[in-house]
Amino acid sequence: MQLNTFEAFAVGQQFIRLNRADTPFPCYYLASKQLWLHFIPLDLYFTINPEKNLLHHVNINIRSGHEKVIHIWEDIWKQHQQTIINRIHIQLGKGKKIFARKCECTRIDKQAAHSFLLQHHLLRPTNAYYKLALQFEKENIAVATFSKSRIMYDGPTYYRSYELERFATKSNCVITAGLSKIISCFAHQTYATHIVTGK
(Lines give C-alpha, C1' and ligand atoms only; values in the text may rest on other atoms or scores of the structure.)
Protein backbone atom coordinates (compact mmCIF):
# COMPACT_ATOMS: atom_id res chain seq x y z
CA MET A 1 0.00 0.00 0.00
CA GLN A 2 1.36 3.41 -0.98
CA LEU A 3 0.31 4.89 2.37
CA ASN A 4 2.89 2.71 4.11
CA THR A 5 5.76 3.95 1.93
CA PHE A 6 4.63 7.55 2.29
CA GLU A 7 4.27 7.28 6.06
CA ALA A 8 7.74 5.75 6.33
CA PHE A 9 9.13 8.70 4.39
CA ALA A 10 7.20 11.29 6.43
CA VAL A 11 8.20 9.79 9.79
CA GLY A 12 11.79 9.60 8.56
CA GLN A 13 11.66 13.37 7.99
CA GLN A 14 10.43 13.90 11.59
CA PHE A 15 6.77 14.49 10.68
CA ILE A 16 4.20 13.38 13.24
CA ARG A 17 0.91 11.81 12.18
CA LEU A 18 -2.01 13.84 13.51
CA ASN A 19 -5.74 13.67 12.99
CA ARG A 20 -7.56 16.76 11.72
CA ALA A 21 -11.27 17.41 12.14
CA ASP A 22 -11.56 18.91 8.65
CA THR A 23 -10.38 15.85 6.69
CA PRO A 24 -10.77 12.07 6.94
CA PHE A 25 -7.40 11.49 5.28
CA PRO A 26 -4.01 10.93 6.93
CA CYS A 27 -2.11 14.09 7.90
CA TYR A 28 1.48 14.57 8.99
CA TYR A 29 2.84 17.70 10.67
CA LEU A 30 6.29 19.18 11.20
CA ALA A 31 6.00 21.98 13.74
CA SER A 32 9.46 23.44 13.10
CA LYS A 33 8.49 24.19 9.48
CA GLN A 34 4.75 24.71 10.12
CA LEU A 35 4.15 22.26 7.28
CA TRP A 36 1.34 19.73 6.80
CA LEU A 37 1.43 16.77 4.42
CA HIS A 38 -2.08 15.66 3.46
CA PHE A 39 -2.07 12.18 1.91
CA ILE A 40 -5.14 11.04 -0.02
CA PRO A 41 -5.47 7.24 -0.53
CA LEU A 42 -7.66 6.53 -3.56
CA ASP A 43 -9.57 3.60 -2.07
CA LEU A 44 -10.56 5.68 0.96
CA TYR A 45 -11.44 8.66 -1.22
CA PHE A 46 -13.84 6.69 -3.41
CA THR A 47 -15.29 4.85 -0.42
CA ILE A 48 -16.32 7.95 1.51
CA ASN A 49 -16.80 10.24 -1.52
CA PRO A 50 -16.02 13.51 0.33
CA GLU A 51 -17.44 16.88 -0.61
CA LYS A 52 -15.77 18.34 -3.69
CA ASN A 53 -14.52 21.43 -1.82
CA LEU A 54 -12.75 19.44 0.89
CA LEU A 55 -9.20 20.34 -0.17
CA HIS A 56 -10.15 23.99 -0.54
CA HIS A 57 -11.51 24.05 3.01
CA VAL A 58 -8.38 22.34 4.34
CA ASN A 59 -6.26 24.95 2.55
CA ILE A 60 -8.20 27.80 4.12
CA ASN A 61 -8.08 26.31 7.62
CA ILE A 62 -4.35 25.61 7.53
CA ARG A 63 -3.31 28.86 5.86
CA SER A 64 -5.42 30.88 8.28
CA GLY A 65 -2.96 29.68 10.91
CA HIS A 66 -0.03 30.87 8.76
CA GLU A 67 0.95 27.28 8.04
CA LYS A 68 1.53 25.44 4.76
CA VAL A 69 0.03 22.27 3.32
CA ILE A 70 0.97 19.91 0.51
CA HIS A 71 -1.80 17.64 -0.81
CA ILE A 72 -0.46 14.33 -2.11
CA TRP A 73 -2.71 11.96 -4.06
CA GLU A 74 -1.79 8.29 -3.82
CA ASP A 75 -1.51 7.76 -7.59
CA ILE A 76 0.69 10.84 -8.04
CA TRP A 77 2.93 9.64 -5.19
CA LYS A 78 3.22 6.25 -6.90
CA GLN A 79 4.11 7.74 -10.30
CA HIS A 80 6.31 10.66 -9.21
CA GLN A 81 7.64 9.66 -5.80
CA GLN A 82 11.14 11.12 -6.17
CA THR A 83 9.85 14.40 -7.59
CA ILE A 84 7.48 14.80 -4.63
CA ILE A 85 10.23 13.90 -2.16
CA ASN A 86 12.48 16.54 -3.73
CA ARG A 87 9.72 19.15 -3.49
CA ILE A 88 9.15 18.36 0.18
CA HIS A 89 12.88 18.57 0.81
CA ILE A 90 12.81 22.06 -0.68
CA GLN A 91 10.11 23.05 1.82
CA LEU A 92 12.38 21.67 4.54
CA GLY A 93 15.22 23.89 3.39
CA LYS A 94 17.25 21.10 1.81
CA GLY A 95 17.20 22.33 -1.80
CA LYS A 96 19.96 24.03 -3.75
CA LYS A 97 19.31 27.79 -3.94
CA ILE A 98 20.08 29.63 -7.17
CA PHE A 99 19.38 33.27 -7.98
CA ALA A 100 17.69 33.92 -11.32
CA ARG A 101 19.99 36.87 -11.97
CA LYS A 102 22.81 34.36 -12.35
CA CYS A 103 20.89 32.44 -15.02
CA GLU A 104 20.51 32.94 -18.75
CA CYS A 105 17.03 32.81 -20.31
CA THR A 106 16.93 31.14 -23.70
CA ARG A 107 14.59 29.43 -26.19
CA ILE A 108 14.79 25.63 -26.29
CA ASP A 109 13.37 23.01 -28.63
CA LYS A 110 10.40 20.71 -28.08
CA GLN A 111 12.48 17.68 -27.19
CA ALA A 112 14.41 19.49 -24.48
CA ALA A 113 11.24 20.98 -23.00
CA HIS A 114 9.36 17.67 -23.00
CA SER A 115 12.27 15.78 -21.47
CA PHE A 116 12.64 18.32 -18.65
CA LEU A 117 8.91 18.52 -17.88
CA LEU A 118 8.49 14.74 -17.87
CA GLN A 119 11.19 14.54 -15.23
CA HIS A 120 10.30 17.54 -13.07
CA HIS A 121 6.57 18.30 -13.54
CA LEU A 122 3.68 16.23 -12.16
CA LEU A 123 1.55 16.76 -15.29
CA ARG A 124 2.36 15.74 -18.84
CA PRO A 125 3.88 18.33 -21.20
CA THR A 126 1.61 20.13 -23.63
CA ASN A 127 2.23 21.03 -27.25
CA ALA A 128 2.92 24.63 -26.34
CA TYR A 129 4.25 26.89 -29.07
CA TYR A 130 6.87 28.76 -27.03
CA LYS A 131 9.44 26.97 -24.89
CA LEU A 132 11.96 28.81 -22.70
CA ALA A 133 14.52 27.73 -20.14
CA LEU A 134 16.64 29.23 -17.43
CA GLN A 135 20.17 27.92 -17.71
CA PHE A 136 22.74 27.90 -14.93
CA GLU A 137 26.26 26.86 -15.88
CA LYS A 138 24.82 25.72 -19.26
CA GLU A 139 22.29 23.37 -17.61
CA ASN A 140 18.51 23.79 -17.83
CA ILE A 141 17.25 24.33 -14.29
CA ALA A 142 13.78 25.71 -15.11
CA VAL A 143 11.47 25.42 -18.10
CA ALA A 144 8.32 27.32 -19.02
CA THR A 145 6.03 26.77 -22.00
CA PHE A 146 3.55 29.27 -23.41
CA SER A 147 0.66 29.12 -25.87
CA LYS A 148 0.33 31.09 -29.07
CA SER A 149 -1.47 34.39 -28.65
CA ARG A 150 -5.25 34.55 -28.66
CA ILE A 151 -7.18 37.67 -29.61
CA MET A 152 -9.46 38.71 -26.73
CA TYR A 153 -12.51 40.94 -27.08
CA ASP A 154 -13.66 41.25 -23.46
CA GLY A 155 -13.05 45.01 -23.26
CA PRO A 156 -13.43 48.20 -25.26
CA THR A 157 -10.46 47.20 -27.45
CA TYR A 158 -9.10 43.82 -28.46
CA TYR A 159 -5.73 42.57 -27.25
CA ARG A 160 -3.52 39.53 -27.58
CA SER A 161 -3.28 37.16 -24.64
CA TYR A 162 -0.81 34.34 -24.00
CA GLU A 163 -1.07 31.49 -21.49
CA LEU A 164 1.66 29.99 -19.35
CA GLU A 165 0.92 26.29 -19.83
CA ARG A 166 3.68 24.66 -17.78
CA PHE A 167 6.44 25.80 -15.45
CA ALA A 168 8.84 23.56 -13.58
CA THR A 169 12.16 23.89 -11.85
CA LYS A 170 14.74 21.20 -11.39
CA SER A 171 13.34 19.13 -8.56
CA ASN A 172 16.13 19.76 -6.06
CA CYS A 173 16.49 23.49 -6.79
CA VAL A 174 14.98 26.69 -5.43
CA ILE A 175 15.32 29.45 -8.02
CA THR A 176 14.75 32.86 -6.51
CA ALA A 177 12.72 35.02 -8.94
CA GLY A 178 12.93 32.30 -11.58
CA LEU A 179 9.37 32.52 -12.87
CA SER A 180 9.49 36.32 -12.94
CA LYS A 181 12.64 36.24 -15.05
CA ILE A 182 11.20 33.76 -17.56
CA ILE A 183 7.98 35.74 -17.92
CA SER A 184 9.93 38.98 -18.41
CA CYS A 185 12.09 37.29 -21.01
CA PHE A 186 9.04 35.92 -22.83
CA ALA A 187 7.31 39.31 -22.80
CA HIS A 188 10.43 40.95 -24.20
CA GLN A 189 10.69 38.41 -27.03
CA THR A 190 7.01 38.45 -28.03
CA TYR A 191 5.99 41.97 -26.94
CA ALA A 192 3.29 40.31 -24.81
CA THR A 193 1.32 42.65 -22.55
CA HIS A 194 -1.17 40.07 -21.21
CA ILE A 195 -0.10 36.65 -19.92
CA VAL A 196 -2.40 34.26 -18.05
CA THR A 197 -0.36 32.42 -15.46
CA GLY A 198 -3.04 30.41 -13.67
CA LYS A 199 -6.71 29.39 -13.67
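Let us look at the structure shown here. (Residues numbered from 1 in each chain as written. Predicted model: local features only at pLDDT ≥ 70, side-chain atom pairs only at ≥ 80, totals over all residues. Heavy atoms only, no water.)

### Thoughts on helix α6 (residues 110–120)
Here comes step 1: Those residues of α6 that fall on the buried side of the exposure criterion are A113, F116, L117 and H120. Along the axis of α6, the buried positions cluster into a sector of 95 degrees, meaning they face one direction only. Facing away from the buried side of α6 by more than 90 degrees, the exposed set consists of Q111 and Q119. (Buried < 20%, exposed > 50% of the residue type's maximum accessible area, 1.4 Å probe, protein only. Helix = DSSP H or I, 4+ residues; strand = E, 2+ residues; numbered from the N terminus. Arc of directions from axis to C-beta.)

### Focus: the packing of aromatic side chains
Here comes step 1: Scanning the entire structure with this criterion turns up 15 aromatic pairs.
Here comes step 2: Between F9 and W77 the ring centres are 5.9 Å apart and the planes differ by 40 degrees, which places this aromatic pair in the tilted class. Taken as a pair, F9 in helix α1 (residues 2–12) and W77 in helix α4 (residues 74–79) lie far apart in primary sequence, 68 residues in all.
Here comes step 3: Positioned over the ring face of W36 is R20, at 4.7 Å from the centre of the ring.
Here comes step 4: A cation over an aromatic ring shows up here: R101 above the ring of F99, its NZ or CZ 4.5 Å from the ring centre. (Phe/Tyr/Trp six-rings, centres within 6.5 Å; stacked < 30°, edge-to-face > 60°. Lys NZ or Arg CZ within 6 Å of the ring centre and 35° of its normal.)

### What about the pairing of strand β8 (residues 139–146)?
Here comes step 1: When you tally the buried positions in β8, you get seven out of eight residues, the bulk of the element.
Here comes step 2: Across seven bridges, strand β7 (residues 130–136) lies against β8 in antiparallel orientation. Of the residues in β8, the one forming a bridge with Y130 is F146.
Here comes step 3: Here β7 folds back onto β8 in antiparallel fashion, the turn holding two residues, of which E137 has a positive phi close to 55 degrees.
Here comes step 4: Two strands pair when backbone bridges link them, and β8 and strand β10 (residues 159–169) are joined in this way by five bridges, in the antiparallel orientation. Each residue of the ladder has a partner; that of A142, found in β10, is T169. (Pairing = 2+ DSSP bridges.)

### What to know about the sheet that holds strand β3 (residues 35–40)
Here comes step 1: In spatial order, the strands read β1-β2-β3-β4; together these four strands make up an open sheet with mixed pairing. Only two strands of the sheet have a single partner each, and these edge strands are β1 (16–18) and β4 (68–73). Averaged over all pairs of adjacent strands, the angle between strand axes in this sheet comes to 30 degrees, irrespective of strand direction.
Here comes step 2: Pairing analysis gives three bridges linking β1 to strand β2 (residues 27–30), with the strands arranged antiparallel. Bridge pairing in β2 links L18 to C27.
Here comes step 3: Along the sheet, helix α3 (residues 54–64) contacts β3 and β4; its crossing angle with β4, the most-contacted strand, is approximately 155 degrees.
Here comes step 4: Across the sheet, helix α5 (residues 81–91) lies against β3 and β4, angled at about 175 degrees from β4, the strand it touches most. (Axes fitted to C-alpha atoms, helices over the stretch in contact; angles between N-to-C directions. Contact = heavy atoms within 4.5 Å.)

### Examining the nonpolar core
Here comes step 1: Among the nonpolar cores identified, the biggest contains 20 residues, and L132, L134, I141, F146, I175, I182 and F186 are the most heavily contacted of them.
Here comes step 2: Among the elements of the structure, β7, β8, β10, β11 (173–176) and α7 (178–190) are those that each provide at least two residues to this core.
Here comes step 3: Membership of the second largest hydrophobic core comes to 16 residues, among which are L3, L35, I84 and I88. (Core = buried A, V, L, I, M, F, W, Y, C linked by side-chain atoms within 4.5 Å.)

### Some words on the environment of Q79
Here comes step 1: Looking at where Q79 falls in the secondary structure, it is placed in helix α4.
Here comes step 2: Relative accessible area serves as the criterion here: at 55%, Q79 is assigned to the exposed category.
Here comes step 3: It is 8.7 Å that separates the C-alpha atoms of Q79 and L122, two residues lying 43 residues apart in sequence.

### Quick notes on the environment of I90
Here comes step 1: Looking at where I90 falls in the secondary structure, it is placed in helix α5.
Here comes step 2: Among the residues examined, I90 registers a relative accessible area of 17% and is labelled buried.
Here comes step 3: In this structure the C-alpha to C-alpha distance between I90 and V174, which are 84 residues apart in sequence, comes to 7.0 Å.
Here comes step 4: I90 has contacts with G95, S171, N172, C173 and V174, leaving out every residue within four places of it along the chain.

### Regarding α3
Here comes step 1: The set of residues buried in α3 consists of L54, V58, N59 and I62. Take α3 and look down its axis: the buried residues cluster within an arc of 135 degrees, on one side only. Exposed side of α3, more than 90 degrees from the buried face: R63 and S64 are the residues found there.

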